[in-house]
Amino acid sequence: MKRRVFSGARPTGRQHLGNYLGALQNWVSIQDEYDCIYCVVDVHALTTLEDTSSLQQNIHEMVLDWLAVGLDPQKSILFVQSHVPEVMELHTLLSMITPLGWLLRVPTFKEKVKIQPHNVNYGLVGYPVLQTADIVLYKAEVVPVGEDQVPHIELAREIARRFNNLFGNTFPEPVAKLTSFPLILGLDGKEKMSKQLGNDVEIALSDKATIDRVMTAVTDPARQYRSDPGHPEVCNVYHLHGYFNPSQLDDIAEQCRAAKIGCVDCKMLLAEKINFTLRPFRKRRAALAAKPQYVKEVLADGAQRAQAIARVTLSEVKQRMGLV
Ligand code: SF4
């Protein structure tokens, strides 16, 4: 039996280089080794989304990207969180055994309170409980995450352990599997790449649009003129070369330090390498987009398969808790 992996992502629409390098490549690569379940967490998104008019379009665009980069619905289950409502029931049941103090200590909750003080909703506090329900409903053992999500997985382990102690051994304690590229900075060179911050490069852009975006990237701030020697280690363009152009990385560092290459040429080279890497993906995406029902069919099939597992777990949980 393969070990089961669960991972989810908010429906942010078209995916960017950060999503691609930080999560998707890893998701694709582990499909043969694990029994993988990948979920669009639309209910989680409601904790911060006030306008839901683009929600369905964003789900569609995101899943199209997932399929085009190589997530294979024959190997993995792809579905939307709200299409398997058993997770809401499990969330309620787990919330009864989760001490409030555990939730108020979570660093991302404190951050969200700062970011949206006008909308500190109950869902923000309960976010890690719903996340735990997402994972343990499928009895997943492994959760691929970035470093910022590790405290949530620790909490999921504590909640699972508490349930097991109270009602008998039911859930495996999930473990975090850190991706090899945990943090991809955006074009501003400061913050994590994010659509919200506008510092991203979407993977489905055309060649020309990719060049235009990469040209806006901030480089070494100390390099004012072409003749100034650069410091590649502080430049995000250089770091992105590491992912898309590793064979020339040492060369670029040397030329940058000796002011033999200008930032415009360096960025153009990066954009070309990104386009070269992503061209097959873009071709596949266009072919999939030409089948308008395809994404819907994949998600409906995924929901059915996920629900079959979810119903068994939920029934076991209710029995253990004395509800049946
Ligand atoms: S030459 Fe390249 S690595 Fe050096 S500062 Fe400019 S963009 Fe960055």
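These lines cover the structure that appears in this document, whether it is placed above or below. What you are looking at is a predicted structure, and each value in this text was computed from that prediction instead of being measured.

Calculation criteria
Residues numbered from 1 in each chain as written. Predicted model: local features only at pLDDT ≥ 70, side-chain atom pairs only at ≥ 80, totals over all residues. Heavy atoms only, no water. Helix = DSSP H or I, 4+ residues; strand = E, 2+ residues; numbered from the N terminus. Rg over C-alpha atoms; globule rule 2.2 N^0.38 Å. Contact = heavy atoms within 4.5 Å. Areas by Shrake-Rupley, 256 points an atom, 1.4 Å probe, with all protein chains shown as cover. Pairing = 2+ DSSP bridges. Right-handed = clockwise from strand over helix to strand, strands pointing away. Near = heavy atom within 4 Å. 1 Å grid on protein atoms, 1.4 Å probe; cavity = no way out; pocket = protein on both sides within 12 Å on 5 of 7 lines; lining within 4 Å. Sits in = over half its atoms within 2 Å of the grid points. Nonpolar A, V, L, I, M, F, W, Y, C, P; charged D, E, K, R; others polar. Core = buried A, V, L, I, M, F, W, Y, C linked by side-chain atoms within 4.5 Å. Buried < 20%, exposed > 50% of the residue type's maximum accessible area, 1.4 Å probe, protein only. Points joined across faces, edges and corners; volume = space filled by probe spheres on them. Salt bridge = Lys/Arg side-chain N within 4 Å of Asp/Glu carboxyl O. Polar contact = N/O pair within 3.5 Å; in protein donor to acceptor, adjacent residues only side chain to side chain.

Describing the overall build of the protein chain
Item 1. What the protein chain contains, in helices and strands, is 13 helices and five strands.
Item 2. Whereas a compact globule of 324 residues would reach a radius of gyration of roughly 20 Å, the protein chain reaches 22 Å, a difference of no more than 12%.
Item 3. The C-alpha extent of the protein chain, read off along each of the three principal axes, is 75 × 45 × 40 Å.
Item 4. When contacts within the protein chain are restricted to residue pairs at least 6 apart in sequence, long-range pairs at least 24 apart make up 79% of them.
Item 5. Roughly 15,600 Å² of accessible area belongs to the protein chain as shown, and the carbon and sulfur atoms make up 54% of that amount.

Quick look at the pairing of strand S5 (residues 175–178)
In the case of a regular strand, side chains alternate between the two sheet surfaces.
Item 1. Direction of pairing for strand S4 (residues 142–145) relative to S5: parallel, over a ladder of four bridges. Looking at S5, one finds that Val145 is bridged to Leu178.
Item 2. Regarding the hand of the β-α-β motif, the stretch spanning S4, helix H8 (residues 150–167) and S5 is right-handed.

A look at the site of the ligand
Item 1. Near the ligand, the surroundings consist of Thr219, Asp220, Arg223, Cys235, Val237, Tyr238, Cys256, Ile261, Cys263 and Cys266.
Item 2. At a threshold of 2 Å from the grid points, most atoms of the ligand map onto the largest cavity.
Item 3. Those elements that provide at least two residues to the shell around the ligand are helix H10 (236–244) and helix H12 (263–289).
Item 4. The class makeup of the residues in the shell around the ligand is seven nonpolar, one polar and two charged.

Here we look at the nonpolar core
Item 1. Core analysis: the biggest nonpolar cluster contains 53 residues, and Leu17, Tyr38 and Trp66 have the highest contact counts within it.
Item 2. Per element, the largest residue contribution to this core is nine residues, and it comes from helix H3 (residues 55–69).
Item 3. Formed by 41 residues, the second largest nonpolar core is a distinct cluster that contains Val129, Leu130, Leu155 and Ala160.

Here's the deal with the layout of surface pockets
Item 1. Volume-wise, the second largest pocket comes out at about 180 Å³.
Item 2. Considering the residues around the second largest pocket, the lining is formed by Gln56, Ile59, His60, Val80, His83, Pro292, Val295, Lys296, Leu299 and Ala300.
Item 3. Of all the secondary-structure elements, those providing two or more residues to the lining of the second largest pocket are H3 and helix H13 (294–320).
Item 4. When the residues that make up the lining of the second largest pocket are grouped by side-chain class, the tally is six nonpolar, three polar and one charged.

Details of the pattern of salt bridges
Between side chains of opposite charge, a pair can form as their charged atoms come close.
Item 1. Counted under the stated rule, the structure contains 19 salt bridges.
Item 2. Of the charged contacts, one joins Arg14 and Glu61 as a salt bridge, the two residues approaching to 3.3 Å between their closest N and O atoms. Note that Arg14 is positioned in the loop between strand S1 (4–9) and helix H1 (17–29) and Glu61 in helix H3, a separation of 47 residues in sequence.
Item 3. Taking the relative accessible area as the measure of exposure, Arg14 reaches 29% and is therefore partly exposed.
Item 4. Residue Glu61 is classed as buried on the basis of its relative accessible area, which comes to 14%.
Item 5. Between Glu86 and Arg311 there is a salt bridge, with the nearest N and O atoms lying 3.3 Å from each other. With Glu86 in helix H4 (residues 86–95) and Arg311 in helix H13, the pair connects residues that are 225 residues apart, well separated along the chain.
Item 6. Within this structure, Arg14, Glu61, Asp65 and Arg285 form a network of salt bridges that share partners.

Side note on the environment of Trp66
Item 1. By secondary structure assignment, the location of Trp66 is in helix H3.
Item 2. Trp66 gets classed as buried once you look at its relative accessible area, which sits at 1%.
Item 3. Along the chain, Trp66 and His83 lie 17 residues apart, while their C-alpha atoms are 18 Å from each other.
Item 4. The contact partners of Trp66, leaving out residues within four places of it in the chain, are Ala9, Gln15, Leu24, Trp27, Tyr38, Cys39, Val40 and Leu71.
Item 5. Polar side-chain contacts of Trp66 include one of 3.4 Å to the side chain of Gln15.

Comments concerning the environment of Ile184
Item 1. Here Ile184 shows up in the loop between S5 and helix H9 (207–214).
Item 2. Every residue in contact with Ile184, bar those within four places of it in the chain, is listed here: Gly18, Leu21, Gly22, Lys192, Met193, Leu240 and Tyr243.

Re empty space enclosed by the protein
Item 1. Considering all chains together, one arrives at one cavity of 30 Å³ or more under this definition.
Item 2. Volume-wise, the largest cavity comes out at about 120 Å³.
Item 3. The wall of the largest cavity is formed by 14 residues, among which Arg223, Cys235, Cys256, Cys263 and Cys266 lie closest to the centre.
Item 4. Going through the elements one at a time, H10, helix H11 (249–257) and H12 are the ones with two or more residues in the lining of the largest cavity.
Item 5. It is H12 that provides the largest number of residues to the lining of the largest cavity, a total of three residues.
Item 6. By residue class, the composition of the lining of the largest cavity is nine nonpolar, two polar and three charged.

Description of the environment of His60
Item 1. Here His60 shows up in helix H3.
Item 2. In the structure, His60 is positioned 205 residues away from Asp265 in sequence and 36 Å away in space, judged by C-alpha atoms.
Item 3. Setting aside residues up to four positions removed in sequence, His60 forms contacts with Pro292 and Val295.

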